[in-house]
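Each chain, written out:
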Number of protein chains: 2
Amino acid sequence: MGITIGDIAKKANVSKATVSRVISDHPKISAKTKERVLKVMDEFDYHPNMIARSLAHRSTKIIGVVIPGISEKSFKHPFFPEMLRGAASVAQKNHYNILMSAVSTAEMETQVINELAKGGIVEGIILMGATVHDKFISELLKLKFPFVVVGRPENQDSVSWVDNDNVQAAYELTKHFIEQGHSRIAFLGASSIDIVVIDRLEGYKKAMREHGLPINEKLIIEDKNIDGDGYAFMKALMKRQEPMTGLIAMDDFMAFGAIKYINECGLSVPDDIAVAGFNNVLLSNYSTPPLTSVEVNPFHLGTRAFELLIANLTSSYKSIDRAIIPADLVVRQSTLRGTGK
Amino acid sequence: MGITIGDIAKKANVSKATVSRVISDHPKISAKTKERVLKVMDEFDYHPNMIARSLAHRSTKIIGVVIPGISEKSFKHPFFPEMLRGAASVAQKNHYNILMSAVSTAEMETQVINELAKGGIVEGIILMGATVHDKFISELLKLKFPFVVVGRPENQDSVSWVDNDNVQAAYELTKHFIEQGHSRIAFLGASSIDIVVIDRLEGYKKAMREHGLPINEKLIIEDKNIDGDGYAFMKALMKRQEPMTGLIAMDDFMAFGAIKYINECGLSVPDDIAVAGFNNVLLSNYSTPPLTSVEVNPFHLGTRAFELLIANLTSSYKSIDRAIIPADLVVRQSTLRGTGK
DNA sequence: CTGAAAGCGCTTACAG
DNA sequence: CTGAAAGCGCTTACAG
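Residues numbered from 1 in each chain as written. Chains lettered and ligands numbered in written order. Predicted model: local features only at pLDDT ≥ 70, side-chain atom pairs only at ≥ 80, totals over all residues. Heavy atoms only, no water.

Give me the lowdown on the packing of aromatic side chains, citing residues and values where you can.
One pass over the structure, following the stated rule, counts 10 aromatic pairs over all chains. For the ring pair Phe253(A) and Phe256(A), a centre distance of 6.2 Å and an interplane angle of 65° mean the geometry is edge-to-face. Of this pair, Phe253(A) and Phe256(A) both sit in helix α12 (residues 252-264), 3 residues apart, which is roughly one turn of the helix. Residue classification places Phe253(A) among the buried residues on the basis of a relative accessible area of 15%. Relative to Tyr204(B), the ring of Phe187(B) lies with its centre 5.2 Å away and its plane at 50°, an arrangement referred to as tilted. On the criterion of sequence distance, the pair formed by Phe187(B) in strand β6 (residues 185-190) and Tyr204(B) in helix α10 (residues 195-210) is long-range, its members being 17 residues apart. (Phe/Tyr/Trp six-rings, centres within 6.5 Å; stacked < 30°, edge-to-face > 60°. Helix = DSSP H or I, 4+ residues; strand = E, 2+ residues; numbered from the N terminus. Buried < 20%, exposed > 50% of the residue type's maximum accessible area, 1.4 Å probe, protein only.)

Okay, here's the thing in structure tokens:
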């Protein structure tokens, strides 16, 4: 680089302090000197060293966005990128930068905490996804380091977080099936460790119960593997020989896989089996038939998370916040009877 | 925070210089003192301030990844995230951090350059996508700031870049159609400004010519809008009443849109019209029929770009590099006759 | 309104 | 092998 605040000070015949004040647009600086300094700055194409600045006033304006287990699948799915995009949009408006960290092992977690948080690079952290990150979260809590997690975490009361109301979303989706006349509705991709899915199963059951329908465990397919293969799930489900007319999958891609198997069985969607997914993937609108899905608004999950973090950073009053982002049921032909082809 | 190198020095009865040497694992430090210092560091959970460190030895170990026009679509598509993931994986191995910047206006471009590059936050930049960024690139060149662009830029000889060979990829795809017996092959999503697409059109024409087939401009649909809507494109194409049996779309999603319209016309894929796309989206494997596509390996575009940048950063010998990432033709049922349903 | 000086938390020749 | 001191490029009370 080369040119520093000192050089500008000399050329403009002022002190470094004055240049610094011009840079930060300090109110009590005469218009004249300000103009002169600005001109010199411009002339030399001077731009203050942000690192030095950060060191001096202890603020980097950088937020760490931590993406857990950035496995191939998690990122091919538009969900994470959309959250990231949401976060980035708010960051930009507020003149923050985003440091992206993909974290897949416990070792990497501590590295992130040590280097980014304790090391003073980032002022706050957004944790994209709450699953399993107990240690990460508790460590952050111990440090009293500002952070927001996307996805309701286990220790939900001591942490700021943003999420959909997954119970409610699944409840409404299930209700939609019931209103379409279905009573034997399968649930694909249950999990005993993923809070999101646990909640959705609860919503599903709630809707069934409220409408006086039996909950048939044989219609519920569980798997450790969260981004499970819908095709394989459906195959397993069909083997159980349990009749069904409706199917709720935890993700649109899972639904597509299931539909593929359904078609291979010579059955059609929605006439034989109505199918819906979650996440409202771009393609759900173009698939044949178009897929009913739940839009979880990942973009807004991202924006809101970032907003909460900024609020926490800037207000002197520290609070534990939460935000529920509405999820929208998007009904398409895959669950509308008499429209299949 | 609080605890600094000075505190550790005191507790360990050494100078700050010694602590600093322990931190950076300086060779000539006695095992004894090193151990003692490490113990104290550990005891106080001390982690050096990276900002101060960066300022002192003028190296932040942060790379800026600039994503152009992070519009809704560009990010819902797995292409960018995959490149990002690739870059991140290499970054991590080499102990670099990634600062993500979404840039959609010229104003934001200069801001990135001023703040991140001139401001000394990042040591290098990866530009994801070469389209239109003449000023950005030329500014970076003027600064002699290290950067690599993904996607062959206009001034390709003065810039380090990574890309597929798009001429070759389209050539092979077209050849595949021809070998399947097609001679009237439409080309969806031509462009006169997007280098990627210009190259692909060239590859298409080359294959046609080499096989003695006429190039029918009526079978080529162009649109300014790069991520054009395949459904609309197909509609426009059909209106031209120009018979065709094959269709190449610039993106899988575009292909899906086209297929939708084809189906609505009562025609089937691949028996009436064989269809292929680019980018080998996750869903192309599950769609009905599964879609032939070109895998452009965005992950490797990202890794390779980052590797080139690191090489540039660490070697004393500055060079202008390029890397061609192979694109793989993935043949599926959408272009295989006699397999449609 | 402006400047001199101390300080942010490190690193790195230079001596020894 | 270790320390004292200067320096990285800014900011910010404190005076005036």
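Before we move on, can you summarise the pairing of strand β10 (residues 292-295) of chain B with the specific residues and values?
Residue and element names in this part refer to chain B. Taking every second residue as pointing to the same face, both faces of β10 are buried, with Thr292 and Val294 on one and Ser293 and Glu295 on the other. Pairing of strand β9 (residues 274-278) with β10, which is carried by 3 bridges, proceeds in the parallel orientation. Across the sheet, Phe278 pairs through a bridge with Val294, a residue of β10. As paired strands, β10 and strand β12 (residues 328-330) are joined by 3 bridges and run antiparallel to one another. Across the sheet, residue Val294 finds its bridge partner in β12, namely Leu329. (Pairing = 2+ DSSP bridges.)

An account of helix α2 (residues 16-23) of chain A is requested, with residue identities and associated values reported.
Residues and elements named next belong to chain A. Buried within α2 we find Thr18, Val19 and Val22. Along the long axis of α2, the arc covered by the buried residues comes to 100°, so they all point the same way. Tucked inside the fold, the buried residues of α2 contact α1 (5-12) and α3 (31-43). Of the residues one or two after α2, Asp25 is the one with positive phi, at around 55°. (Arc of directions from axis to C-beta. Contact = heavy atoms within 4.5 Å.)

Residues and numbers for the sheet that holds strand β5 (residues 161-163) of chain A, please.
Spatially, the 12 strands line up as an open sheet ordered β11(A)-β5(A)-β4(A)-β3(A)-β1(A)-β2(A)-β2(B)-β1(B)-β3(B)-β4(B)-β5(B)-β11(B), and their pairing is mixed. Edge positions in the open sheet fall to β11 (322-324) of chain A together with β11 (322-324) of chain B, since each of these has one partner strand only. Averaged over neighbouring strand pairs, the angle between their axes works out to 20° when direction is ignored. Bridge count between strand β4 (residues 147-150) of chain B and strand β5 (residues 161-163) of chain B: 2 bridges; the pairing is parallel. Looking at the pairing, Val149(B) lines up with Trp161(B) of β5(B). (Axes fitted to C-alpha atoms, helices over the stretch in contact; angles between N-to-C directions.)

If you had to explain the relation of the copies chain B and chain A to someone new, which residues and values would you point to?
Laying chain B over chain A is done by rotating through 180° and shifting 0.0 Å along the axis; what remains is an RMSD of 0.1 Å. Such a combination of rotation and displacement between the chain copies is what one expects of a two-fold axis. When C-alpha positions in chain B are compared against the rotation axis, the closest is assigned to Leu99(B), at 2.2 Å. Of the interface residues in chain B, 100% have counterparts in chain A that sit at the interface too, so the contact is made through matching surfaces. (Least-squares fit on C-alpha atoms with pLDDT ≥ 70 in both.)

Can you break down the pattern of salt bridges residue by residue, with the values?
Using the criterion set out here, one finds 20 salt bridges over all chains in the structure. Note that Arg152(A) is salt-bridged to Asp199(A), the shortest N-O span being 2.6 Å. With Arg152(A) in the loop between β4 (147-150) and β5 and Asp199(A) in helix α10 (residues 195-210), this pair connects stretches of sequence that are 47 residues apart. For the pair formed by Arg152(A) and Asp199(A), the shared burial category is buried. Within this structure, Asp45(A), Lys118(B), Glu139(B) and Lys142(B) form a network of salt bridges that share partners. (Salt bridge = Lys/Arg side-chain N within 4 Å of Asp/Glu carboxyl O.)

Tell me about the protein's contact with DNA strand D, and please be specific about residues and values.
Neighbouring DNA strand D are 26 residues, the closest being Ser20(A), Arg53(A), Thr18(B), Arg21(B) and Arg58(B). In DNA strand D, atoms within 4 Å of the protein come 65% from sugar and phosphate. Between a phosphate oxygen of DNA strand D and a main-chain N or O atom of Asn49(A), the distance comes to 3.0 Å. Measuring from a sugar or linking oxygen of DNA strand D, one finds a side-chain N or O atom of Arg58(B) at 3.3 Å. Tallied by class, the residues present in the surface near DNA strand D amount to 11 nonpolar, 9 polar and 6 charged. (Near = heavy atom within 4 Å. Polar contact = N/O pair within 3.5 Å; in protein donor to acceptor, adjacent residues only side chain to side chain. Nonpolar A, V, L, I, M, F, W, Y, C, P; charged D, E, K, R; others polar.)

Tell me about the UniProt feature "domain: HTH cro/C1-type" (unreviewed entry) in chain A, and name the residues and values.
Under the feature "domain: HTH cro/C1-type" (unreviewed entry), the UniProt entry names residues 2-47 of chain A. Across residues 2-47 of chain A one finds 63% helix and 0% strand; the C-alpha atoms that close the span lie 11 Å apart. (UniProt positions renumbered as here; feature names shortened; annotations may be inferred.)

Can you tell me about the interface of chain B and chain A, naming the residues and giving the values?
Often, the extent of an interface is quoted as the loss of accessible area on bringing the components together. Taken together, the contact between chain B and chain A spans 52 residues of the former and 52 residues of the latter. When the two sides are added together, the surface that chain B and chain A hide from each other amounts to roughly 4800 Å², 68% of it contributed by carbon and sulfur. At the boundary of chain B and chain A, one finds 10 residue pairs in polar contact (both at pLDDT 80 or more). Secondary-structure elements contributing two or more residues to the side of chain B that touches chain A are α4 (50-57), α5 (72-76), α6 (79-93), β2 (97-103), α7 (106-118) and α12 (252-264) of chain B. It is α7(B) that provides the largest number of residues to the side of chain B that touches chain A, a total of 7 residues. Along the lines of polarity and charge, the residues of the side of chain B that touches chain A split into 26 nonpolar, 17 polar and 9 charged. (Buried area = accessible area lost by both parts, 1.4 Å probe.)

Please provide a residue-by-residue account of the nonpolar core, values included.
Judged by nonpolar contacts, the single largest core of 95 residues is most densely connected at Leu247(A) and Leu247(B). When neighbours within four sequence positions are excluded, Leu247(A) is seen to be in contact with Phe177(A), Ile185(A), Ala186(A), Leu188(A), Met234(A), Leu237(A), Ala258(A), Ile262(A), Ile273(A), Ala274(A), Val275(A) and Ala276(A). In this structure, Phe80(B), Met83(B), Phe306(B) and Ile325(B) belong to the second largest nonpolar core, which totals 52 residues. (Core = buried A, V, L, I, M, F, W, Y, C linked by side-chain atoms within 4.5 Å.)

Run through the protein's contact with DNA strand C, naming residues and quoting values.
In the neighbourhood of DNA strand C, 26 residues make up the surrounding shell, with Thr18(A), Arg21(A), Arg58(A), Ser20(B) and Arg53(B) lying closest. Backbone sugar and phosphate groups make up 65% of those atoms of DNA strand C lying within 4 Å of the protein. A distance of 2.8 Å separates a base nitrogen of DNA strand C from a polar side-chain atom of Arg21(B). Among the secondary structure elements, those contributing two or more residues to the surface near DNA strand C are α2 and α4 (50-57) of chain A together with α2 (16-23) and α4 of chain B. Grouping the constituent residues of the surface near DNA strand C by class yields 11 nonpolar, 9 polar and 6 charged.

Just give me the short version of the environment of Ala249(A), but keep the residues and values in it.
Checked against the element boundaries, Ala249(A) lands in strand β8 (residues 246-249). Along the sequence, Ala249(A) and Gly189(A) sit 60 residues apart, while their C-alpha atoms lie 6.4 Å from each other.

Hey, could you go over the side chain of Ser287(A) for me, with residue numbers and the actual values?
Within the element layout of this structure, Ser287(A) appears in the loop between β9 (274-278) and β10 (292-295). There is a polar contact of 3.0 Å between the side chain of Ser287(A) and the backbone oxygen of Pro289(A).

Provide a residue-level description of the environment of Asn49(B), including the pertinent values.
Residue placement: Asn49(B) occurs in the loop between α3 (31-43) and α4. A C-alpha to C-alpha distance of 8.7 Å links Asn49(B) and Ile5(B), two positions 44 residues apart in sequence.

Outline the UniProt feature "domain: HTH lacI-type" (unreviewed entry) in chain A, listing residues and values.
Feature annotation in UniProt places "domain: HTH lacI-type" (unreviewed entry) on residues 3-57 of chain A, given in this structure's numbering. End-to-end, the C-alpha atoms of residues 3-57 of chain A are 21 Å apart, and along that stretch the chain is 67% helix and 0% strand.

Describe the sheet that holds β10(A), and please don't skip the residues or the numbers.
All names here are of chain A. Here 6 strands make up an open sheet; going across it, the order is β7-β6-β8-β9-β10-β12 and the pairing mixed. Only two strands of the sheet have a single neighbouring strand rather than two, namely β7 (220-222) and β12 (328-330). In this sheet, adjacent strand axes meet at a mean angle of 15° when their direction is disregarded. Those strands touched by α10 are β6 (185-190), β7, β8 and β9, and its axis lies near 165° from that of β6.

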